[in-house]
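Inside the fold
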Amino acid sequence: MGTFKIEGGHPLSGEITPQGAKNEALQILCAVLLTAEEVTINNIPDIVDVNKLISILEDLGVKVQRINKGSYSFKADEVNMDYLQSAQFKKDGRELRGSIMLVGPLLARFGKGYIPKPGGDKIGRRRLDTHFEGFINLGAKFRYNKEEHFYGVEAKKLKGTYMLLDEASVTGTANIVMAAVMAEGTTTIYNAACEPYLQQLCKMLNRMGAKISGVGSNLLIIEGVTELGGTEHTMLPDMIEIGSWIGLAAMTKSELTIKNVSWDDLGQIPVVFQKMGIQLERKGDDILIPEHTDGYSIQKYIDGSILTIADAPWPGLTPDLLSIILVMATQSKGEVLIHQKMFESRLFFVDKLIDMGAKIILCDPHRAVVIGHDFKSTLKATTMTSPDIRAGISLLIAALSAKGTSTIHNIEQIDRGYQDIDTRLRAIGAKITRV
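Calculation rules
Residue numbers restart at each chain and count upward from 1, following the sequence in its written direction. Reporting of local features is limited, given that this is a predicted model, to residues whose pLDDT is at least 70; pairs of side-chain atoms are given and counted only at 80 or more, and all residues count toward the totals for whole chains, interfaces and linings. The side-chain numbers reported here are obtained from all heavy atoms of the structure, hydrogens and water having been left aside. Under this scheme, a helix contributes an axis fitted over its contacting stretch, all axes are lines through C-alpha atoms, and angles between N-to-C directions fall in the 0 to 180 degree range. Secondary structure counts use DSSP, requiring at least four H or I residues in a row for a helix and at least two E residues in a row for a strand, with both numbered from the N terminus. Our angle categories are set so that under 35 degrees counts as roughly parallel, over 145 as roughly antiparallel, 65 to 115 as roughly perpendicular, and the remainder as oblique. It is the rotation of the near helix from the far one that decides the hand of a crossing: anticlockwise by less than a right angle makes it left-handed, clockwise makes it right-handed. Residue contacts are counted whenever heavy atoms from the two residues lie within 4.5 Å of one another. Following the grouping adopted for this structure description, the nonpolar residues are Ala, Val, Leu, Ile, Met, Phe, Trp, Tyr, Cys and Pro, the charged ones are Asp, Glu, Lys and Arg, and the polar ones are all others, Gly among them. Working definition: rings of Phe, Tyr and Trp (its six-membered ring) pair if their centres are within 6.5 Å, and the pair is stacked with planes under 30 degrees apart, edge-to-face with planes over 60 apart, and tilted otherwise. Geometrically, a lysine NZ or arginine CZ counts as sitting over a ring once it is within 6 Å of the ring centre and also within 35 degrees of the ring normal. Two N or O atoms form a polar contact when they lie within 3.5 Å of each other; inside protein one atom must be a possible hydrogen donor and the other a possible acceptor, and for residues adjacent in sequence the pair counts only when both atoms belong to side chains. For every residue, the predictor states its confidence as a pLDDT score lying anywhere from 0 to 100. When DSSP finds two or more bridges between a pair of strands, those strands are recorded as paired. To define a nonpolar core, start from buried Ala, Val, Leu, Ile, Met, Phe, Trp, Tyr and Cys residues and group those joined through side-chain atoms within 4.5 Å. Partly exposed residues are those whose accessible area sits between 20% and 50% of the maximum for their type, while under 20% is buried and over 50% is exposed, using a 1.4 Å probe and protein chains only. Each reported salt bridge corresponds to a side-chain nitrogen of Lys or Arg within 4 Å of a carboxyl oxygen of Asp or Glu.

**Comments concerning the packing of helix 1 (residues 22-31) against helix 7 (residues 196-207)**
- Relative to each other, helix 1 and helix 7 sit at 25°, their axes nearing to 9 Å. Of the possible angle classes, the one that applies to helix 1 and helix 7 is roughly parallel. Crossing angle aside, the handedness with which helix 1 passes helix 7 is right-handed. Counted together, Asn 23, Glu 24, Gln 27, Ile 28 and Ala 31 of helix 1 and Tyr 197, Leu 198, Gln 200, Leu 201, Met 204 and Leu 205 of helix 7 form the full contact between these two elements.
- Grouping the constituent residues of the contact of helix 1 with helix 7 by class yields 7 nonpolar, 3 polar and 1 charged.

**What about the packing of aromatic side chains?**
- Applying the stated criterion to the full structure yields 10 aromatic pairs.
- Taken together, a centroid distance of 5.8 Å and an interplanar angle of 85° make the contact between Tyr 296 and Phe 375 edge-to-face. With Tyr 296 in the loop between strand 16 (286-289) and strand 17 (307-310) and Phe 375 in the loop between strand 20 (367-371) and strand 21 (383-385), the pair connects residues that are 79 residues apart, well separated along the chain.
- Geometry around Phe 150 places Lys 90 over its ring, the cationic atom sitting 4.9 Å from the centre.

**Points about the side chain of His 373**
- Inspection of the secondary structure assignment puts His 373 in the loop between strand 20 and strand 21.
- A distance of 3.1 Å separates the side chain of His 373 from the backbone oxygen of Gly 357, its partner in a polar contact.
- In this view, His 373 contacts Thr 330, Gln 331, Ser 332, Gly 357, Ala 358, Lys 359 and Leu 379; residues no more than four positions away in its chain are not counted.

**Some remarks on the confidence of the model for the chain**
- The share of residues in the chain with pLDDT of 70 or more is 98%, and the mean pLDDT across the chain is 94.
- Counted against residues more than four places away or in other chains, residues 120-125, with its pLDDT under 50, gives 18 contacts.

**Overview of unusual backbone geometry**
- For the bond from Trp 314 to Pro 315, the omega torsion is 15°, close enough to zero to count as cis.
- Of note, Pro 315 is situated in the loop between strand 17 and helix 10 (322-329).
- With phi around 60°, Phe 375 is a residue other than glycine that occupies positive phi space.

**So, the sheet that holds strand 12 (residues 219-223)**
- Strand order in this open sheet of 4 strands is 9-10-12-11, and the pairing throughout is mixed. In the strand order of this sheet, the two ends are held by strand 9 (162-164) and strand 11 (211-213), each with one partner. For this sheet, the mean angle separating the axes of adjacent strands, direction not counted, is 15°.
- Relative to strand 12, strand 10 (residues 186-190) is paired through 5 bridges, and the arrangement is antiparallel. Bridging from a neighbouring strand, Thr 188 pairs with Ile 221 of strand 12.

**Quick notes on the nonpolar core**
- Core analysis: the biggest nonpolar cluster contains 77 residues, and Phe 273, Ile 278, Ile 287, Ile 309, Leu 326, Leu 353 and Leu 425 have the highest contact counts within it.
- Among residues more than four places away in sequence, those in contact with Ile 287 are Ile 242, Ile 246, Leu 256, Thr 257, Ile 258, Val 261, Trp 263, Leu 266, Leu 280 and Glu 281.
- Counting 76 residues, the second-largest nonpolar core is a separate cluster that includes Leu 57, Leu 60, Leu 128 and Ile 212.

**A closer look at the pattern of salt bridges**
- In the structure shown here, the tally under the stated rule is 20 salt bridges.
- Between Arg 367 and Asp 364 there is a salt bridge, and its shortest N-O distance comes to 2.8 Å.
- In this structure, the salt-bridge partner of Asp 415 is Arg 434, at a minimum N-O distance of 2.9 Å. With Asp 415 in helix 13 (residues 412-415) and Arg 434 in strand 23 (residues 431-434), this pair connects stretches of sequence that are 19 residues apart.
- Exposure remark for Asp 415: the relative accessible area of 16% places this residue in the buried category.
- By sharing partners, the salt bridges in this structure join Asp 415, Asp 422, Arg 426 and Arg 434 into a single network.

**Notes on the pairing of strand 14 (residues 255-258)**
- Pairing geometry for strand 2 (residues 13-16) and strand 14, over 4 bridges, is parallel. Considered in strand 14, the bridge of Ser 13 is made with Glu 255.
- Two strands pair when backbone bridges link them, and strand 14 and strand 16 are joined in this way by 3 bridges, in the antiparallel orientation. Among the inter-strand pairings, Leu 256 is bridged to a residue of strand 16, identified as Ile 289.

**So, the side chain of Ser 406**
- Relative to the assigned elements, Ser 406 resides in strand 22 (residues 405-409).
- Residue Ser 406 is classed as buried on the basis of its relative accessible area of 0%.
- Among the polar contacts made by the side chain of Ser 406, one reaches the main-chain amide nitrogen of Thr 382 at a distance of 3.2 Å.
- If near-sequence neighbours (up to four positions away) are discounted, Ser 406 is found in contact with Phe 4, Lys 5, Ile 6, Met 356, Ala 381, Thr 382, Met 384 and Ala 399.

Right under this line is the structure:
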């Protein structure tokens, strides 16, 4: 188990460039299975989860070539479907939550797709019903091996249909879209997720020859085609990283420039940070966060009541940034209610912040009230363990702002989502060592 040693309390400065978006990568990489032609993908993040998915694709028989840093070509012209029944796949697929999105393209092109019950962050229940109900609506037969926790769907020919999703699941929508693009007839998906990463997937599929309309809305109409071709695709910067660096700059009172953020795809994110009192300056496609020497004040509602920050499906705030905002609130002027609606275990890292001196009331698994210190009392260094990716980066930000030297164990969780994070942080002045 790896460890970070962090000497906190030092201001940072300089520029940092966000990696390619992890959540987009997991969708886009699965989509290469839809064609026998070459697909080139740029701005792929070099992180554990993405590299694990690339390895699974190679084991499936996909020809993978590294062009340069972050750019790869994929050619799925000799896919080995027998691998899906192997013990190795059952092990590898179980370790990666994103492996569920292999099922849609395999079902569309080869008429069958299998997956072990995937793992991932321990942040609460994340059901797969939306995925499989969508496949069943398209005409697939579902089976489940309870002893091995192994799912399967099979169909001689998928047929387009109307479906109303029970939740606007991003991965569920992506999986159903990838299955539907080669179904016979027209598929209509209502209550579809419409996050920028899903829009990117749909645009890529359209370049490959798919016929998807309504991209960017919650009503997608897909006219099935018989085959798809190759394409080249460049992924968006990771909006979660961008939000992480905004929070880091605020907590450490640092002036930072975040490069190439794709402003127009950030949605509510800049607005929410501004409600938290953070100054953001748009410089072309960069974000400049000035040094907050006098701290930052949380806005109140117009009637004077306490601000609530809650997650919601796009264009609402992504749940992945709530832990960053919670940590940032510990040094704000004012109070805020953090309401994590989607996952019931994602706030369970606040006990570690309380140990560091934060004033947080955990109301229930979904809600926490944070009372800011206004930097009059700094967080204190401590030893802690990262429970998941987003809590891990939040604890790292807390440690970089704290007085003294902190230790964070289980940093493999952070590595799953953030590329070379210690190296990149040292480049802007952080005192962090990987043990």
